[in-house]
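# Remarks on the overall topology
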Amino acid sequence: MESDSDDGGQDWTLLGANVLKRGEKDHAPDGTVIQQTQLQKSREVMYTALSEPVVISEKNLVEADWDSVRNIGRVRKQKGTFFMTMGWSEHENVYLYPEEVIYLCQRGSMRCYLNNEPLSVEGVMSICLKYVSTEWYDVYSNFKKLGFIVRRCELETRKVSKAQVSTTQTVPSQKSGRKNDNEIKKIKNELSVYYPPIITRIAWFLLGSRFNSFAWRPSYIVYSTLFKDLTAVKVRQNIDVAPQKERFDFFVYKPGTKFKKSDPPEADYRIRVVSADQVPELNKIEKELQIAQKVGNFYKDPVKRMRLGYRTFIYAVVDNGVISYVKVTETGAPSVY
Amino acid sequence: MVSDDPFFNSTDSGSGPGIQLDGRFLKTTTNKGYNKRAKDVYVLPLPFSLNSLPALIPHNPLSVFMYTVALLSKPLRFTTQKRHKAYIDSTSQGTPGAFVPDLQSAMELWQQGFFGKGTLSRSEPSWFGRTSRRLGLDGGELTLEEITEARRAKRRKFKKEREQQQLLELKQKQKEGVLNPADANLLDKNEKKQIEDNENNAADSDAVVTKVRKEDTDLIKDGVIEKLETLHLHPCEAVFLCVCLGVLEIDGIETIQQLLQTFFPEDSDWQKYVVYHYFRSLGWCVRDGIKFGVDWLIYKQGPPFQHAEFAVSVQPSSGRPDWWWLHANMRVVNNAKKAMTLVYVTKEERPDYTKISNVAAFRKALSQYTVKILTFSRFTPSRCRD
Amino acid sequence: MDTVIENLVHQQLWTDCKIYNEDANLIRGTPPRKLHPEDAQISSEYVLVSHMRDSVSVRGYTKTFQSVHDASRVVHAVIAEDSTIAYYIVYKSLNPPRRN
């Protein structure tokens, strides 16, 4: 919220010291006045904050019309810094998605008109929530309120398709091309099916039925040979679908990001909104992974390597307004020997 | 209401070996020291011995010659592996798995790759040594259970001290005023309990270690403690040792087909094995995960060296766990610094065991299965802003 | 049940462990120390035995508590495939959480 305070919204940081912080809590009520007073104080702070009326500062107020044909908002005149990171331009106009319209109206920075009649915040919500789900808006506003830059993925792919498509296909934070190539080779190796050398296969073919264990050689000099002979189960190769029709719901950028709408950088987080029911099926998750963020994994230590994984994205799991973010990472187990 | 009791539970998440205590209990006090010793005991990653080469001294031509000869001839010379014996428990309520009664075999299977679990121990079959020491007979090295017990005694002491500290604080706070006169009794009650506890204290913790029970004297036959403990191998461990390494014989089991039918009757049993085999064949140590509500715990080396890094739940390819279950598991598992991992087995039905007549057929059947590994962790946006 | 009795006696060092009710899968025995720090003294406890593959239900717990009418809690022992036994304390009613 701090990052938006100069735009005329409420500044919650002014509430200051009496708000109880995260961290150690008392185990149980101890019946003392001290504990009770402390609780009472922070409750009062909360109620004071909530009783504050929503102030609309006329000077900085942005005005927009609801376009009921395209179901988006059209800004009358750009004001303030919002449009550095929100909306998109089209024929000299700036347009806003429903979630952006609700967000700006709700925080008192914009007034929206329908057929030149001003709408109440409730009115804006009742119109806009026909075109985006509540879960969708919950996630959008949650990130926005924390100061993140949030962009609908559809917008990125449509408006600046070239830039975005190319970034999804390269490894971020790569140090050098050569290292990168080696890395891809290594990952492929970890993910591919092990083909034993020809001599091994001949041995299996001729004597296969006579071995009484996977460890078929008369003797082993190193354990790595033994582990290779034990290999049978592998990680399934990714089935690459050619054109990437899938896209995420939101791209999220950290608050400090130098953001340019016409040339957005690589997003910090890729978000898919789902309602809290069951975890999607594997083949659905695999589709998400195809367009997920690729991780530059340069770790040699097998544990760190497996923990960091290869590709990652975030599910925003929404249950009646409560959001839980779950990071999904695809990985494989490197050999310990 | 179900409450997990960390005191009583044989479950143990934080059994970091080697905690500083009064020296009577522990020989090694740092993790490093413990690991050094662990490295000497747990040398082999599997209960399978290598055919080692003679030392190579590059500037000594004779050594180079011997080395070369050995290098060329050794792979052809047979190394016989020690075969351990196990039986299936057909009497008890069908507990699956195989039991290794011989103490020497049990120790070797544990020390070489951490297979099995002592039926009276947390993992390593250490009951005999523990009991001998408890009853005042010589029992050799200190076991993990005893180290844990020492740590827990320390924790109990800490809690007692904390309680006293908080009682003082509460007294201080109450000087400022009490909301309800009835609450003042809380203090009296606590104080009374404190005194009682202090009185019981000495008897409480030490008694456990020294007291000899009737149950114990029954164990001693002719001055020797009866060897009660056996090593219990999980069905997956039994199959891996039998078929993949060929170092285990199970009484009454003649064919692979029979082995699979006995140990993996359901598709889900087979799926668990596929995942077990995947990690084992890459050199990881795999152990049962019930204590964390998952199927497997994955260690880089094994329990004496470090905590498990991954908690694995095996899923069929069509598996759709619900988000509530996943969140509950993530909480538990992340608190113990493990990664919640779902391993999907991409083919669901178990193979037709009647067609698996030899090792080659088993390997072929197994290689029809692949896995997909995903880790899930909680993400908190407010902590990831920069 | 025998597995759990053996484990209680020889791993957890309980005393006087006997089968209490064969049909209800209940054992009775005495632990070496208080199960809960708030307990007044060490007392004999009931232990409910089940396997990993058994499912738990409120109906099941109700039956258990009917067979141990004088107790407000039971210890629930769950046996896993590798003979690991996980022990849980199950209370008849709401119980305040314990400090860690």
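Bear in mind that the values here come from a model prediction, so they are computed numbers and not experimental data.

## So, the sheet that holds strand 3 (residues 98-100) of chain B
Either a parallel or an antiparallel arrangement is found when strands of a sheet pair, and the pairing is made through backbone hydrogen bonds. Residue and element names in this part refer to chain B. The strand order across the open sheet built from 5 strands is 4-7-3-2-8, with neighbouring strands paired in mixed fashion. The strands lining the two open edges of the sheet, one partner per strand, are strand 4 (117-118) and strand 8 (248-250). Sheet topology note: the strand 4/strand 7 (residues 231-233) ladder contains 2 bridges and is antiparallel. When the bridges of strand 7 are listed, Lys 117 appears paired with His 232.

## Considering the UniProt feature "active site" (unreviewed entry) in chain B
Residue and element names in this part refer to chain B. UniProt feature "active site" (unreviewed entry): in the numbering of this structure it lies at Tyr 299, His 307 and Lys 338. Taken together, the annotated residues stretch across 40 residues yet fold into one region, lying no more than 10.2 Å apart by C-alpha. Not counting the four nearest positions on each side in its chain, Tyr 299 is found in contact with Trp 284, Cys 285, Arg 287, Gln 306, Ala 308 and Glu 309. Its location among the elements puts Lys 338 in the loop between helix 11 (323-335) and strand 12 (339-345). Contacts of Lys 338, omitting those with residues within four sequence positions, involve Ala 308, Glu 309, Phe 310, Ala 311 and Val 333.

## With respect to the interface of chain A and chain B
Contacts between the two partners involve 63 residues from chain A and, on the opposite side, 70 residues from chain B. Elements represented by at least two residues in the side of chain A that touches chain B include exactly helix 1 (33-51), helix 9 (223-230), strand 8 (234-235), helix 10 (282-290), helix 11 (302-308), strand 12 (311-319) and strand 13 (322-331) of chain A. For the side of chain A that touches chain B, the element with the most residues is strand 13 of chain A, which contributes 8 residues. Residue composition of the side of chain A that touches chain B, grouped by class: 35 nonpolar, 18 polar and 10 charged. Bridge count between strand 8 of chain A and strand 13 (residues 370-379) of chain B: 2 bridges; the pairing is parallel. Along strand 13 of chain B, the bridge assignment pairs A:Val235 with B:Val371.

## Focus: the environment of A:Val62
On the secondary structure map, A:Val62 appears in strand 1 (residues 62-67). Once you skip the residues sitting within four places of it in the chain, A:Val62 turns out to touch A:Val75, A:Lys79, A:Gly80, A:Leu104, A:Ser109 and A:Met110.

## Focus: the nonpolar core
Membership of the largest hydrophobic core comes to 132 residues, with the highest contact counts inside it found for A:Val252, B:Ala238, B:Val274, B:Val275, B:Ile298 and B:Val371. Here this core gets 9 residues from one element, more than from any other, and that element is helix 8 (residues 235-245) of chain B. B:Val371 has contacts with A:Val233, A:Val235, A:Arg236, B:Val274, B:Val275, B:Tyr278, B:Val343, B:Tyr344, B:Val345 and B:Thr346, leaving out every residue within four places of it along the chain. Judged by nonpolar contacts, the second largest core, of 19 residues, contains C:Val4, C:Val9, C:Trp14 and C:Ile27.

## Topic: the sheet that holds strand 2 (residues 72-75) of chain A
Residue and element names in this part refer to chain A. With mixed pairing, the 6 strands of this open sheet are ordered in space as 3-4-2-1-5-6. In this open sheet, the two edge strands, each paired with only one partner strand, are strand 3 (88-90) and strand 6 (117-118). Judged from the 4 bridges that link them, strand 1 and strand 2 form a sheet pairing that is antiparallel. Each bridged residue has a counterpart across the sheet, and for Ala 64 the counterpart in strand 2 is Val 75.

## Here's the deal with the packing of helix 2 (residues 98-106) of chain A against helix 3 (residues 121-128) of chain A
All names here are of chain A. Running from amino to carboxyl end, helix 2 crosses helix 3 at an angle of 170°, the nearest separation of the two axes being 10 Å. If you check the angle between helix 2 and helix 3, you find them roughly antiparallel. Of the residues in helix 3, those in contact with Pro 98, Val 101, Ile 102, Cys 105 and Gln 106 of helix 2 are Val 121, Val 124, Met 125 and Cys 128. By residue class, the composition of the contact of helix 2 with helix 3 is 8 nonpolar, 1 polar and no charged.

## Some words on the pairing of strand 4 (residues 93-96) of chain A
Going residue by residue along strand 4 of chain A, you find A:Val94 and A:Leu96 tucked away on one face and A:Asn93 and A:Tyr95 left uncovered on the opposite face. Taking the residues that link successive antiparallel strands as the turn, the strand 3 of chain A-strand 4 of chain A hairpin has 2 residues, and the phi of A:His91 there is positive, at about 45°.

## Observations concerning helix 2 of chain A
Residue and element names in this part refer to chain A. Most of helix 2 sits out of view: 8 of its 9 residues are buried. Against strand 1, strand 2, strand 4, strand 5 (110-114), helix 3 and helix 4 (134-145) lie the buried residues of helix 2. Gly 108 occupies a position one or two residues after helix 2 and carries a positive phi of about 75°.

## Quick look at the UniProt feature "domain: tRNA intron endonuclease catalytic" (unreviewed entry) in chain B
Those places that UniProt annotates as "domain: tRNA intron endonuclease catalytic" (unreviewed entry) correspond, in this numbering, to residues 270-349 of chain B. Taken end to end, residues 270-349 of chain B is 31% helix and 28% strand, and its first and last C-alpha atoms sit 8 Å apart.

## Focus: the pairing of strand 12 of chain A
Both faces of the sheet carry side chains from a regular strand, because those side chains alternate between them. All names here are of chain A. For strand 12, the buried fraction is high: 8 of the 9 residues fall into the buried class. In terms of strand pairing, strand 10 (residues 269-275) meets strand 12 through 5 bridges, oriented parallel. Its bridge partner lying in strand 12, Arg 272 is registered against Tyr 315. The sheet contact formed by strand 11 (residues 293-294) and strand 12 spans 2 bridges and is antiparallel. Bridged to Lys 294 within strand 12 is Arg 311.

## Quick notes on the confidence of the model for chain C
Here chain C averages 89 in pLDDT, and 99% of its residues register 70 or above. As scored by the predictor, the complex reaches a pTM of 0.80 and an ipTM of 0.81.

## Here we look at the packing of helix 2 of chain A against helix 4 of chain A
Residues and elements named next belong to chain A. Packing of helix 2 against helix 4 brings their axes to within 10 Å, and their N-to-C directions diverge by 55°. Taken together, the axes of helix 2 and helix 4 lie oblique to each other. Between helix 2 and helix 4 lies a crossing of right-handed hand. Here Glu 99, Ile 102 and Tyr 103 of helix 2 lie close against helix 4, whose contacting residues are Trp 136, Tyr 137, Tyr 140, Ser 141 and Lys 144. Across the contact of helix 2 with helix 4, the residue classes tally to 5 nonpolar, 1 polar and 2 charged.

## A closer look at unusual backbone geometry
One non-glycine residue with positive phi stands out, namely A:Asn115, at about 50°. The phi torsion at B:Lys337 lies on the positive side, around 60°, for a residue other than glycine. Tracing the backbone through its elements, the reader meets B:Lys337 in the loop between helix 11 and strand 12. Assessed through the 11 C-beta atoms surrounding it within 10 Å, B:Lys337 is described here as exposed.

## Focus: the environment of A:Lys258
Along the chain, the position of A:Lys258 falls in the loop between strand 9 (250-253) and strand 10. A:Lys258 sits 173 residues away from A:Thr85 along the chain, and the two C-alpha atoms are 9.9 Å apart.

Conventions adopted
- Residues numbered from 1 in each chain as written.
- Chains lettered and ligands numbered in written order.
- Predicted model: local features only at pLDDT ≥ 70, side-chain atom pairs only at ≥ 80, totals over all residues.
- Pairing = 2+ DSSP bridges.
- Helix = DSSP H or I, 4+ residues; strand = E, 2+ residues; numbered from the N terminus.
- UniProt positions renumbered as here; feature names shortened; annotations may be inferred.
- Contact = placed C-beta atoms within 7 Å.
- Nonpolar A, V, L, I, M, F, W, Y, C, P; charged D, E, K, R; others polar.
- Core = buried A, V, L, I, M, F, W, Y, C linked by C-beta atoms within 7 Å.
- Buried ≥ 20, exposed ≤ 12 C-beta atoms within 10 Å, placed from the backbone.
- Axes fitted to C-alpha atoms, helices over the stretch in contact; angles between N-to-C directions.
- Parallel < 35°, antiparallel > 145°, perpendicular 65-115°, else oblique.
- pLDDT = per-residue confidence, 0-100.
- Left-handed = near helix turned anticlockwise from the far one by under 90°.

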